[in-house]
Structures are given as C-alpha cells and as structure tokens.
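As a plain string of letters, each chain reads:
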Amino acid sequence: MQRSAIAVGAVVAVAGAAAVAFTLPSLAGTEETNGSKATSSSTPGGLSPELLSAMKRDLGLNSEQAANRLARSEWAGGVSATLAAQTGEDFGGAWLASDGTTLKVAVTDSDAASAVKAAGAVPVLVKRSEAELDALKTRLDKAAAKAEGLTGWYVDVPTNKVVVVARPGEKAEALAVARRAGLSTDAVTVKISDAQPKPLFDVRGADPYFINVGGGQARCSIGFSVTTGFVTAGHCGAEGTATTGFNNEAQGTVEFSVFPGTADMGFVAVNDDWTPRPVVNDFEGNELPVAGNTEAPVGAAICRSGSTTGTFCGTVLAKNQTVQYPEGQVTGLTRTDVCAEGGDSGGPWLSGDQAQGVTSGGSGDCTAGGETFFQPLNEILAAENLTLVTTEGGGGAEATTPPAEEGAETSSCDALPVQRDGTINRAGQAQAQPNGGAYRARAGTHTACLDAPEGADFDLVLQQANSRGQFRNVAQATGTGDKTLSFSGQSGTYRYVVVATSGTGEYNLGFNVQ
C-alpha cells in the first residue's frame, strides 16, 4: 500500500507502565510469619498503619485526613493527566492546593477552563503554558551548566515561573544567567538557599545492598521491583557493576544506568536467588503494599523509605527540577521537603499505595530537616520497557469522562475521555490532533482509538517532539477499519496524526494518558 509523505514506523505496543508497583527482595529487619515476612494490614482507604503513623508524625494528619488526602491525590493524578491531553497547548500545569485536596489546573486560554471545571478541578488563567515553561528551563540547563553559584532550577507551576535556586550572595548571578538564557524578568524567581545537594549513597558496610565504587564498597537502597530485578538510582552503580545483597550474597548486575545528565536512574537484573515482590520495607518489621503507579501532583503528600533512616513523609514541592550535583547536572527530578541521608539513595517513594520514584539526592538530614529529590518512576519504566510487580488486582486510578448526552451518536472510541472529531476531504492528506496542535504528557501509557469512515483507510500515528521541537514517530496503527494504539513513553510533548491513505470523510479520535 502506498503511504503518505509522513514517515511512519513499526507499531509499538508496550504494557510496561500500566498498574505497577515497587518491591524489595528479602531484607534484614523484618519479621517472619509462617515462612514469609509479615505484610502490613491496611486501614480504610488502603493506607497501611505504618504509613499512617509516619504521616501523622511528619505532616500532622489524623487517620481520616491522611486517607482523604491520599485518595484525592490519586484522583488528581489521573484527572490532571487527562486534562493535559484535553487542553493541549493551553495546559499550564496542575497542583494540589495547600489544603491537599483542591486540584488547580492552569490554562492559557479561558475556553479551556470549562473542561477543567467539568473534571471537578479549579481553573487558573496563566500567561505561560507548561510547554513554554519547560522550554525556558531547558534554556537554563544549557546556560547555567557551569554557573558555580547556582544549585538548581525548576518549573513552578503554581506561580507560572521558573525558579532558580542560588547560594547566598549569588542572586545577581542567577538573574544574569537567566537573562543570558533569554528568560524575561517576569518569568523568573530567585530562591536563596545555602543547601548543597549531593547524591545520597554511603561508603560504609550496612543494609541493604552494595556496589563496588572507587576501590571501596558503597551502600544504596533498593527501589521498586520489576519482573526481572529492581530499579534504583543511576549513581548507585555503572552498567556492568555487580551488586551484593544485605546478606553479602551475590545479587545481580547493573544493566542500565544514567547519571549525571538527563536522569538519575538505574536497573539491576537479579539472579534466581532473589524474588521481586510488591512490598516496601519500612524498617520497623513491616512490609508496605503497593497497588499502582499513578503519579501524584505537586502539593501531594508523599513518603519514602530508605535503609539508613527508615520511613519519612512530606510534600511534593515541584517537578522537572535540574539539580547541580558535584558530579554534574541532573535534569527532570522531583523536589520534596522530605529528609534523607547517605545510604537512602535508590530507595522508594510512595503516595499512599502508589509508587512514585527512587531517591536521588538532597541536602540536610533527618535530625535538622532538609529537602530531597527523586527520579520519577514512570520515566525509568518507559526508558527500559520494564514491568513492575504489583499487589494482586492493583492498579492506578483512571480519570473518567461524563456520560454522553441521551440521543447523541457514539462511536467505538468514545469510552476514552479525550475526544476529537475531524474531516479529511482528500486522500493523502493528514491532520494533527488535538486541534492541529500538541499536548503535554507525563511518563505513562498512551492509548488511542480511531473510528474511521466506512470504506476509507485512515492510519493513526503518534509523534513525540524532540528538544528542537521536531516531531518523530513513536507508534503507528495501519490497515483497514478502525484503529487502536498503545504506547508507553517518557514525559514530553506529543501529537496524533490522522492520515487518509485512501478515501475521505469524518473520523472520531479518542485518547488518554495514564
């Protein structure tokens, strides 16, 4: 069949990031019950008693408040992902307000506010879209790579600005770097901090797993279990490095590692002596269950566990932060006000029972307090096509769409929450959706369905933009009849292209990202 001028690739169907979770292989400090470790029972709302205790201690929440906040966070994560696709280039980011329950969604066009309201969120009209803010931060990544007075910068969606973190006395330098990067004054806020972030691995022998670094032995914490091993921080071992478990037995090999640069992510393939399981060790003799991987928004409550300090909780402060470590720049991290210490690197982060990421680094400690950055989990899954282990029946919350009006015509694709219609009047033409533009997406699974005109051959292509704004094909569905498509990808800007290979007429496209 003759194809249009749009380049298309092979169909990609990946199920790596659909309801997944993290786990720890057997670790010291847990109790055995009938030959297996005791798994934590859950309170109403699926919140484990141990995690509730940590949230009470660190966030001052009672049982009902904690359960409500986590349930709202899981709902908000699904809804905000759908709204990002639905509002397209008008999307300015989403966050939970200080009450932990009100979802606010920024949009650059007042017409998009109705979709936000219909989803149960509060629209906020802003000047810059999230894509524009990310582009500004990318400019800083290049301009500030060697700026010694700066320790990081990130997109702050509630203020619709880019925040630059500078050491005391370096505000003028921060503003100068921002100007050189082409950022206007009204798009930048400078935050002064004397904290110096660093990776949180430790060079002493202790639980739970070890790697050989620089002639010595370093300790890190296991993150999330995948079917063939576990994910962790990239600075916890270069590719090919052998790992040893808490019991000094051979454990596995680092098969994938990125640090510094675009991420701090790693994957260890374990041998047959280790069994990945859908739980997290809280280092109090319990295992915390994990049911999915719905990404929590800015403002959500979040907890982490690590082999040095155990379990601590706090709040998601920002996403897409660039951190200047002594070893080099790392982009795309999530910033929190949770404490951590050496040896906690690679450890897991939870929002309720939803897996979020692995510890990268930070500043301060769990006596005086501090801030910690984590590598988002779904980015690791998408990068290596990994499938996480989850509790039976576990899964992320899905955003829903209002029911169709009575008497309205429906298509086979209208079950998906984002709907777009179009008409192609000549064979060989193509249309981009949504609305001729593109949409922002977090790391996760894209699903789409194309209802083509009867007798016509319409192909469906999913494209992702690169750092230069050029789109490339990442998934495709071809052939006669209606089309379905599934693709697991990293965060970025995407668009669908409907191509009329033969025939003409009206079509319906439904899609979503979770």
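Student: Looking at this model, I keep getting lost on the overall build of the chain. Mind explaining?
Tutor: A tally of helices and strands in the chain yields six helices and 33 strands. Here the chain holds 514 residues, and 56% of them are scored as buried. For the chain, the exposed area adds up to about 20400 Å²; of that, 47% sits on carbon and sulfur atoms.

Student: Explain the packing of aromatic side chains to me, please; I cannot follow it from the model alone.
Tutor: Centre-to-centre distance and the angle between the planes together describe a pair of aromatic rings. Under the defined criterion, the tally for this structure stands at nine aromatic pairs. Seen in terms of ring centroids, Y439 and Y496 are 6.2 Å apart; in terms of plane orientation they differ by 15°. Their pairing is stacked. You can see Y439 sitting in strand β27 (residues 439-441) and its partner Y496 sitting in strand β32 (residues 492-502), a full 57 residues away along the chain. Of the aromatic side chains, those joined through ring pairs into one cluster are Y439, Y494, Y496 and F511. The ring of F312 carries R57 above its face, with NZ or CZ at 4.4 Å from the centroid. We note R495 situated over the ring of F471; from NZ or CZ to the ring centre the distance is 4.0 Å.

Student: Explain the sheet that holds strand β3 (residues 91-96) here, please?
Tutor: Judged by pairing direction, the sheet is mixed, and its three strands sit side by side in the order β3-β4-β5 without closing on themselves. The outermost strands of the open sheet, each flanked by one partner alone, are β3 and β5 (122-125). Going across the sheet, the axis of each strand differs from the next one's by a mean of 25°, ignoring polarity. As paired elements, strand β4 (residues 103-107) and β5 share four bridges and run parallel to each other.

Student: What is the right way to read the packing of helix α1 (residues 49-59) against helix α2 (residues 63-87) from this model?
Tutor: Angle between the axes and distance between the axes: these two values describe a pair of packed helices. It is at 10 Å that the axes of α1 and α2 come closest, and there the two elements cross at 105°. When the interaxial angle is binned, α1 and α2 end up roughly perpendicular. For the pair α1 and α2, the contacting residues are L52, M55 and K56 in the first and S63, A66 and L70 in the second. Tallied by class, residues from the contact of α1 with α2 come to four nonpolar, one polar and one charged.

Student: What exactly am I supposed to notice about the pattern of salt bridges here?
Tutor: In a structure, side chains of opposite charge can pair up when their charged atoms sit close to one another. Applying the stated criterion across every chain, the model contains twelve salt bridges. With a closest N to O distance of 3.2 Å, E371 and R335 form a salt bridge. Remark: R335 occurs in strand β21 (residues 328-336) and E371 occurs in strand β24 (residues 369-376); sequence separation between them is 36 residues. A salt bridge links D457 to K483, with the nearest nitrogen and oxygen atoms 4.0 Å apart. Of this pair, D457 sits in strand β29 (residues 457-465) while K483 sits in strand β31 (residues 483-489), and the two are 26 residues apart along the sequence. The network of salt bridges with shared partners includes K127, R128 and D186.

Student: I keep staring at the state of the cysteines and nothing clicks. Help me out?
Tutor: What makes a disulfide is a covalent bond joining the sulfur atoms belonging to two cysteines. With the rule as written, the count across this model stands at four disulfides. The disulfide that involves C220 links it to C236, with 1.9 Å between the sulfurs. Disulfide C220-C236: the torsion about the S-S bond is -85°, which places it as left-handed. With a gap of 16 residues between them, C220 in strand β11 (residues 216-220) and C236 in the loop between β13 (229-232) and β14 (242-244) connect regions that are remote in the sequence. Note on accessibility: C220 and C236 belong to one class, buried. Each sulfur of the disulfide joining C339 and C366 lies 2.1 Å from the other. One quick way to see it: the torsion about the S-S bond of C339 and C366 is about 100°, and its sign makes the bridge right-handed. Residue C339 is found in the loop between β21 and β22 (348-351), and its partner C366 is found in the loop between β23 (354-365) and β24; the two are separated by 27 residues along the sequence. In the chain, the cysteines engaged in disulfides, taken in order along the sequence, are linked 1-2, 3-4, 5-6, 7-8.

Student: Where do I start with the nonpolar core in this structure?
Tutor: One broad rule of soluble globular proteins: the nonpolar side chains tend to lie buried together. Counting residues in each nonpolar core, the largest one holds 31 residues, and the members touching the most others are L140, L150, V164 and L183. When residues of this core are traced back to their parent elements, those giving at least two are α4 (130-143), β6 (150-156), β7 (161-166), α5 (171-180), β8 (188-192) and β20 (310-325). Discounting chain neighbours no more than four positions away, the residues touching V164 are L140, L150, G152, W153, A174, V188, T189, V190 and K191. Within the second largest apolar cluster, 30 residues are counted, among which are A263, V290, A301 and L381.

Student: Looking at this model, I keep getting lost on the pairing of β21. Mind explaining?
Tutor: Each regular strand carries side chains that alternate between the two faces of the sheet. Extensive coverage of β21 is indicated by the burial of eight of its nine residues. Here β20 pairs with β21 via six bridges, running antiparallel. Considered in β21, the bridge of Q324 is made with Q329. Where β20 hands over to β21, the hairpin turn is made up of two residues, counted between the paired strands. Direction of pairing for β21 relative to β24: antiparallel, over a ladder of three bridges. Each bridged residue has a counterpart across the sheet, and for T336 the counterpart in β24 is T372.

Student: What is the right way to read α1 from this model?
Tutor: Among all positions of α1, only L51, L52, A54 and M55 are buried. Along the axis of α1, the buried residues cluster in a sector spanning 160°; they form a single face. Tucked inside the fold, the buried residues of α1 contact α2, β18 (287-289), β19 (301-306) and β20. After α1 finishes, the residue G60 shows a positive phi value of roughly 70°.

Student: Explain the confidence of the model for the chain to me, please; I cannot follow it from the model alone.
Tutor: The predicted coordinates ought not to be read in detail in places where the model reports low pLDDT. Taken residue by residue, the chain gives an average pLDDT of 85. The fraction at 70 or more is 85%. Note on residues 201-207: pLDDT is under 50 here. Beyond four places in sequence and across chains, it has 25 contacts. Counting interchain partners and residues more than four positions distant, the pLDDT-below-50 stretch residues 393-410 has 24 contacts.

Student: Explain the sheet that holds strand β33 (residues 505-513) here, please?
Tutor: One open sheet accounts for four strands, arranged β25-β33-β28-β31; its pairing is antiparallel. In this open sheet, the two strands that pair with only one neighbour each are β25 (418-424) and β31. Strand-to-strand twist across the sheet, computed as the mean angle between neighbouring axes with direction ignored, equals 20°. Bridging between strand β28 (residues 444-451) and β33 involves six bridges; their strand directions are antiparallel. Bridge pairing in β33 places C449 opposite G510. Contacting β25 and β33, α2 crosses the sheet at an angle of about 20° to β25.

The rules behind these values
- Residues numbered from 1 in each chain as written.
- Predicted model: local features only at pLDDT ≥ 70, side-chain atom pairs only at ≥ 80, totals over all residues.
- Heavy atoms only, no water.
- Helix = DSSP H or I, 4+ residues; strand = E, 2+ residues; numbered from the N terminus.
- Buried < 20%, exposed > 50% of the residue type's maximum accessible area, 1.4 Å probe, protein only.
- Areas by Shrake-Rupley, 256 points an atom, 1.4 Å probe, with all protein chains shown as cover.
- Phe/Tyr/Trp six-rings, centres within 6.5 Å; stacked < 30°, edge-to-face > 60°.
- Lys NZ or Arg CZ within 6 Å of the ring centre and 35° of its normal.
- Pairing = 2+ DSSP bridges.
- Axes fitted to C-alpha atoms, helices over the stretch in contact; angles between N-to-C directions.
- Parallel < 35°, antiparallel > 145°, perpendicular 65-115°, else oblique.
- Contact = heavy atoms within 4.5 Å.
- Nonpolar A, V, L, I, M, F, W, Y, C, P; charged D, E, K, R; others polar.
- Salt bridge = Lys/Arg side-chain N within 4 Å of Asp/Glu carboxyl O.
- Disulfide = S-S within 2.5 Å.
- Core = buried A, V, L, I, M, F, W, Y, C linked by side-chain atoms within 4.5 Å.
- Arc of directions from axis to C-beta.
- pLDDT = per-residue confidence, 0-100.

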